[in-house]
Amino acid sequence: MRTLWRIIAGLFRWSWRVLNFIREFILNIFLILLIVVGVGIWLQVSGSGGSSAPIQQGALKVDLSGVLVDKPSVSNRLSKIGRQLLGASSDRLQENSLFDVVDAIRQAKGDSNIKGMVLDLREFAGGDQPSLQYVGKALREFRDSGKPIYALGDSYSQAQYYLASYATKIYLSPQGTVDLHGFATNGLYYKTLLDKLKVTSHVFRVGTYKSAVEPFLRDDMSPAARDADSRWVGQLWQNYLNTVAANRQITPEQLFPGAAAIIAGLNAVKGDTAQYALDNKLVDALGSRAAADEELVKTFGLDKQSNDYRSVSIYDYSVKPASSQDGNIAVVMASGAIMDGEETPGNVGGDTTAAEIRDARLDPKIKAIILRVNSPGGSVTASEAIREELAAAQAAGKPIVVSMGGMAASGGYWISTPASYIVANPSTLTGSIGIFGVINTLENSLDSIGVHTDGVATSPLADISTTKALPTEVQQMMQLTIENGYRNFVGLVAKSRHKTPEQIDAIAQGHVWTGSDAKANGLVDALGDFDDAVKKAGELAKVSKPMLSWYQDDPSFLDMMLSQMNASVQAVLPHTLKAWLPAPMLDVMNAMKAQPGLFDKQNDPQNRYAFCLNCGEVR
């Protein structure tokens, strides 16, 4: 017996030592990683006030990687540290601040060390059209200053080519292509799946064109949604063609003559897409990257250390802060889906944004507020919390100017209603004035496998459960609440736009409008960009020299470290898990992830949403 106990005790001690060793090993690794990232962040922060450009007589290399957004979900400083220290990139595309990119280009325009620019867009994934146009405006200013812009590309996507079209000279690889094909939207529809799973979707909505709930009700687009989407997608494509054709000094018909004419042109050059691009003036020269580098070395000089043309990456180019603690114009960002509570990465937190507006309202140095909106909407409750704070600032005598980005639809328009003035881009997607609610119940699904729910309730309004049929009284109450919310929405718009509710209802009903149409319908005051919004805010506040103060939370030291470590872990795990999944399933998962608002953005306490699902990504 003693021998047995010795064996058991020995096994226990051995197991405990192994577990203790593993625990200490993991903690030590975590501590080392924490120290490395912490030191890197400290070095980055302490060295952030360096010289304006660490080169002499060279080019600014705009080697953007990822996408352009109004407000990155991870700070740009943290992304830079990740690249320098760990080389880590998560499964999520890198996000670049639109305003940081524009500030860098504008500073380089007047920088005597910067003699030109190279657009190296191989890793650039795009952005919404208003963002591309704003960067294009800065590129045009740079080029008009007399400094050349060279665009390099093995091939060009539509987004890449949009920016490349501003270049003085566009190079294309002899094996490359300029991929112009048009715009399209695609969404997933779940009715048959829900029927097979016996899920009951209770949908409550107001608006003929409020198609956000159609995936629950149909297996395809409704005719009304198809007509509305065809209109704004067609307008975005025409805006694209007009801008790029003007940059290349050709007609839109020459730029994109249609599928049949493109095929005929490719037949004429035996399928040589690069030669087709050169013949049709889409590019200026065909050449390998080595051939292009020779010209760049002649133009900008040779950097003997890198054995390449002299340049500085836009990520390493130090830009003087455009904002000021003594700013007189506050800029509050509403970028992403609007949710109740605190802000989360990529989303607008109703409480967070309302608090930022309140701070600006109570700051005596702030004379006006610019609300930058790039949102498809979301929670009605959160949208109203933001709107109320804006209305309070307006009542306190501080003008509100709304600058609309790629989207300011549904809840994004709701929060814009207190504005003294609204500026939208011609390609902004806005309107979508409507409300919906969705409650899914699983009583039939559970019944099919022999699981049932039963109980007692003091009234039908208390008898709510996802495992039981939704009482008729609850359905009636939900529909009444949705209709009331729609009337409130229309009333807010009518009051702010100085129209009758009937006039607004005629252009509401969930209809999505481009900025151009919104201007014609009286939903916005002017077509322009962020610069125009700043100018207008200065005029309304009677400020001769507008100075911007950006109201946004900077991550704490600990947040930055934890976020970077989380990104490092995510960079490994998803690929490991995806290796076990078939390609078709991955395609479906990616499509569901790309379709906004269905799964992770519904937290309104009353289940009411002003959300534009069909304002999603255009490809």
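Residues numbered from 1 in each chain as written. Predicted model: local features only at pLDDT ≥ 70, side-chain atom pairs only at ≥ 80, totals over all residues. Heavy atoms only, no water.

Trainee: How should the overall build of the protein chain be read in this particular structure?
Mentor: Looking only at helices and strands, the protein chain has 22 helices and 25 strands in total. Long-range contacts, defined here as pairs at least 24 residues apart, represent 77% of the contacts in the protein chain between residues at least 6 apart. Of the roughly 29800 Å² that the protein chain leaves accessible, carbon and sulfur atoms contribute 56%. (Helix = DSSP H or I, 4+ residues; strand = E, 2+ residues; numbered from the N terminus. Contact = heavy atoms within 4.5 Å. Areas by Shrake-Rupley, 256 points an atom, 1.4 Å probe, with all protein chains shown as cover.)

Trainee: Hey, could you run me through the sheet that holds strand β2 (residues 66-69) in this one?
Mentor: In a beta sheet, neighbouring strands pair by backbone hydrogen bonds and run either parallel or antiparallel. Taken in spatial order, the 3 strands of this open sheet run β3-β2-β5, and their pairing is parallel. Since the sheet does not close on itself, it has two edges, and those belong to β3 (95-97) and β5 (124-126), each with one partner. Averaged over neighbouring strand pairs, the angle between their axes works out to 40 degrees when direction is ignored. Relative to β3, β2 runs parallel, the two being bridged by 3 bridges. When the bridges of β3 are listed, V69 appears paired with S97. (Pairing = 2+ DSSP bridges. Axes fitted to C-alpha atoms, helices over the stretch in contact; angles between N-to-C directions.)

Trainee: Sorry if this is basic, but what is going on with the packing of aromatic side chains here?
Mentor: Within a pair of aromatic rings, the relevant descriptors are the distance that separates the centres and the angle that separates the planes. This model, assessed by the stated rule, comprises 16 aromatic pairs. Relative to W550, the ring of F99 has its centre 5.1 Å away and its plane inclined at 55 degrees; by these criteria the two rings are tilted. On the criterion of sequence distance, the pair formed by F99 in helix α3 (residues 98-109) and W550 in strand β24 (residues 548-551) is long-range, its members being 451 residues apart. Relative accessible area serves as the criterion here: at 6%, F99 is assigned to the buried category. A ring pair is formed by W414 and F489, whose centres lie 4.7 Å apart and whose planes are at 50 degrees; its orientation type is tilted. (Phe/Tyr/Trp six-rings, centres within 6.5 Å; stacked < 30°, edge-to-face > 60°. Buried < 20%, exposed > 50% of the residue type's maximum accessible area, 1.4 Å probe, protein only.)

Trainee: What exactly am I supposed to notice about unusual backbone geometry here?
Mentor: A negative phi holds for most residues other than glycine; trans holds for most peptide bonds. Look at H498: it is not a glycine, yet its phi comes out positive at around 60 degrees. One can find H498 in the loop between α17 (472-497) and α18 (501-507). In this model, Q509 sits at a positive phi of 55 degrees, which is unusual for a non-glycine residue. Inspection of the secondary structure assignment puts Q509 in the loop between α18 and β22 (512-514).

Trainee: In this structure, what is going on with the pattern of salt bridges? I would like to understand it.
Mentor: Counting across every chain of the model gives 20 salt bridges. Among the salt bridges present, the one from R387 reaches E384, with a minimum N-O distance of 2.8 Å. Here R387 and its partner E384 are both found in helix α14 (residues 380-395), 3 residues apart, which amounts to about one turn of the helix. For the pair shown, R387 and E384 are each scored as buried. (Salt bridge = Lys/Arg side-chain N within 4 Å of Asp/Glu carboxyl O.)

Trainee: Looking at this structure, how should I read the side chain of N247?
Mentor: In this fold, N247 is placed in helix α8 (residues 223-248). Exposure remark for N247: the relative accessible area of 11% places this residue in the buried category. Polar side-chain contacts of N247 include one of 3.0 Å to the side chain of R140. Apart from the residues lying within four places of it in its own chain, the contact partners of N247 are R140, S165 and Y166. (Polar contact = N/O pair within 3.5 Å; in protein donor to acceptor, adjacent residues only side chain to side chain.)

Trainee: Please clarify how the sheet that holds strand β6 (residues 149-152) should be interpreted in this entry.
Mentor: Taken in spatial order, the 6 strands make up an open sheet running β9-β7-β6-β4-β1-β12, and their pairing is parallel. Of all strands in the sheet, those bounded by a partner on one side alone are β9 (285-286) and β12 (311-313). Running at roughly 140 degrees to strand β4 (residues 114-120), helix α4 (residues 129-144) makes contact with β4 and β6 of the sheet.

Trainee: Help me understand the packing of helix α13 (residues 350-362) against α14, please; the structure alone is not making it clear to me.
Mentor: A pair of packed helices is captured by two measures, namely the crossing angle of their axes and the spacing between those axes. Viewed as axis vectors pointing N to C, α13 and α14 meet at an angle of 5 degrees, and their least axial separation amounts to 8 Å. Here α13 lies roughly parallel to α14, going by the angle between them. Along the contact surface, α13 presents G350, T353, A354, I357, R358 and R361, while α14 presents A382, A385, I386, E389, L390, A392 and A393. Taken together, the residues of the contact of α13 with α14 break down into 8 nonpolar, 2 polar and 3 charged. (Parallel < 35°, antiparallel > 145°, perpendicular 65-115°, else oblique. Nonpolar A, V, L, I, M, F, W, Y, C, P; charged D, E, K, R; others polar.)

Trainee: How should the confidence of the model for the protein chain be read in this particular structure?
Mentor: Should the pLDDT be low somewhere, the predicted coordinates at that spot are not to be read in detail. Averaged over the protein chain, the pLDDT score is 85; the fraction of residues at 70 or greater is 78%. The low-confidence segment residues 45-54 (pLDDT under 50) makes 13 contacts with residues lying over four places distant or belonging to another chain. Of the regions scoring below 50 in pLDDT, residues 567-599 engages in 33 contacts with residues more than four places distant in sequence or in other chains. (pLDDT = per-residue confidence, 0-100.)

Trainee: What should I look at first to understand α13 in this one?
Mentor: For an α-helix, 3.6 residues make a turn, and residues three or four places apart therefore share a direction. Its 13 residues give α13 an end-to-end C-alpha distance of 18 Å, which sits within 8% of 18 Å, the value for a rise of 1.5 Å per residue. Every buried residue belonging to α13 is among G350, T352, T353, A354, E356, I357 and A360, and all of these are buried. On its buried side, α13 packs onto β13 (329-335), β14 (337-339), β15 (347-349), β16 (368-375), α14 and β24. (Expected span 1.5 Å × (residues − 1).)

Trainee: Mind showing me how you'd approach the environment of S445 here?
Mentor: Its location among the elements puts S445 in helix α16 (residues 443-448). Residues S445 and K196 lie 249 residues apart in sequence; the distance between their C-alpha atoms is 8.9 Å. For S445, the contacting residues outside a window of four places in its chain are L197, K198 and V199. Polar contacts involving the side chain of S445 include one to the main-chain carbonyl oxygen of K198, which spans 3.0 Å.

Trainee: Looking at this model, I keep getting lost on the packing of α3 against α4. Mind explaining?
Mentor: Interhelical geometry of α3 versus α4 gives an angle of 5 degrees and a closest axis separation of 9 Å. One finds that α3 runs roughly parallel with respect to α4. Contact residues: α3 offers L98, F99, V101, V102, I105, R106, A108 and K109, while α4 offers S131, Y134, V135, K137, A138, L139, E141 and F142.

Trainee: Explain α3 to me, please; I cannot follow it from the model alone.
Mentor: The terminal C-alpha atoms of α3 lie 17 Å apart, and with 12 residues this matches the ideal 16 Å at 1.5 Å per residue to within 8%. All of the buried residues along α3 are L98, F99, V101, V102, A104, I105, Q107 and A108.

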